[in-house]
Amino acid sequence: MADLEKTITQLWEAGDAWRDVMPVSQAHDAVRTVIGMLDRGEVRVAEIGEEVVVNEWAKLAILMWFKLQEMQIIEAGPFEYVDKLPLKKGYKAAGVRVVPGASARFGAYLAPTVVMMPCYVNIGAYVDAGTMIDTWATVASCAQIGKNVHLSGGVGIGGVLEPPQASPVVVEDDCFIGSRCMIVDGARVRKGAKLGAGVILTSTTPVIDADSGEEVGRGVIPERSVVVQGTRMKEFAGGTFGLPCALILRTLAEGEEHDKLKLNALLRDHGIVS
């Protein structure tokens, strides 16, 4: 692993002169090896703990893969694509359910029992066991999705390749992400959180406790929080304008299961749904 990391770093640092570092075939083999490891989940773009630790060299391997690959015709049944990167294969052997219309690039890891409705998963992404990626949802480059997550219809999970040290979007285990939510720019949703439809979360989005009105952080949804899209008013020279925020309605008790009927009742109590 250390040798691979060193090789990838050398290739990237050489820039356009990467061919002077080693033969093209050797460079291709090294990069292809790393992409294969990402595809099988043997390497991750980021290690997720209390802090997110980015494996920069894995991201550099993805960027080098784009440099090394030539445009090619890719046929999938009656469909034709023209791209540099091949599509992922071997879903049945991997224990992944893939509905027609879904696709993923080679280099994206999908754990056994993942369900893909017509959706898209990009290279470098990591999607753990029991997660459903619903219709028209997208999991962009290098995003890290935990176990038993539901990405509802039309959810957009943002990607990150450059700069290499930038943290990817992280959605931890047991989260529910409501329809049309957008989570981008390295934002993080902690374990067991439930996001209502249409929440926009970036790394700088204020996260506010509805009971106290206090800002509890930016770009990170706390564990087991039930969150909806909110608006915070702010004075500018040109007037008073509403800026988006993520509003915490309540925090689920540890071990409390997510129940859609209870969530809907909570939203009704706050006048968010009728």
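Here's a quick rundown of the structure. (Residues numbered from 1 in each chain as written. Predicted model: local features only at pLDDT ≥ 70, side-chain atom pairs only at ≥ 80, totals over all residues. Heavy atoms only, no water.)

### Points about the sheet that holds strand β16 (residues 170–171)
Using the following cut-off: Criterion used throughout: strands pair if DSSP finds at least two bridges between them. The helix and strand labels rest on DSSP assignments: H or I over at least four residues marks a helix, E over at least two residues marks a strand, and numbering proceeds from the N terminus.
Taken in spatial order, the six strands of this open sheet run β7-β10-β13-β16-β19-β24, and their pairing is parallel. The sheet terminates laterally at β7 (109–110) and β24 (220–221), the two strands that pair on one side only. Relative to strand β19 (residues 188–189), β16 runs parallel, the two being bridged by two bridges. Of the residues in β19, the one forming a bridge with Val171 is Val189.

### A closer look at the nonpolar core
Which entries qualify depends on this criterion: Residues grouped as a nonpolar core are buried Ala, Val, Leu, Ile, Met, Phe, Trp, Tyr and Cys residues, joined through side-chain atoms within 4.5 Å. Partly exposed residues are those whose accessible area sits between 20% and 50% of the maximum for their type, while under 20% is buried and over 50% is exposed, using a 1.4 Å probe and protein chains only. Should any heavy atoms of two residues lie within 4.5 Å, those residues are counted as being in contact.
Met116, Val121, Val171, Ile177, Ile183, Val189 and Leu195 are the most contacted members of the largest nonpolar core, which totals 41 residues. Mapped by element, the contributors of at least two residues to this core are β7, β10 (126–127) and β26 (239–251). Contacts of Val121, omitting those with residues within four sequence positions, involve Ser103, Ala104, Arg105, Ala108, Leu110, Met116, Val127, Ile133 and Val139. Core analysis: the second largest hydrophobic core is formed by 29 residues, Leu11, Val43, Val45 and Leu60 among them.

### A closer look at the pairing of β26
Where strand β22 (residues 206–209) lies against β26, three bridges are found, and the strand directions are parallel. Counted as the bridge partner of Asp209 is Ile248 from β26. Here strand β25 (residues 225–236) runs beside β26; their pairing, made up of 12 bridges, is antiparallel. Across the sheet, the residue bridging to Val228 is Leu247, located in β26.

### Remarks on the pattern of salt bridges
We apply this condition: Each salt bridge in this description consists of a side-chain nitrogen of Lys or Arg and a carboxyl oxygen of Asp or Glu lying within 4 Å of one another.
Applying the stated criterion across every chain, the model contains 10 salt bridges. A salt bridge links Asp39 to Lys88; its shortest N-O distance comes to 3.0 Å. Here the residue Asp39 occupies a position in helix α2 (residues 24–40), and Lys88 occupies one in the loop between β4 (79–83) and α4 (91–94), the gap between them amounting to 49 residues. Residues Asp39 and Lys88 agree in their burial class; the two are buried. Lys147 is paired through a salt bridge with Asp128; the nearest N and O atoms lie 3.2 Å apart. In this pair, Lys147 sits in the loop between β13 (144–145) and β14 (150–151) while Asp128 sits in the loop between β10 and β11 (132–133), placing the two residues 19 residues apart along the sequence. Judged by its relative accessible area of 37%, Lys147 is partly exposed. One network of salt bridges, in which partners are shared, links Glu50, Glu172, Arg188 and Arg190.

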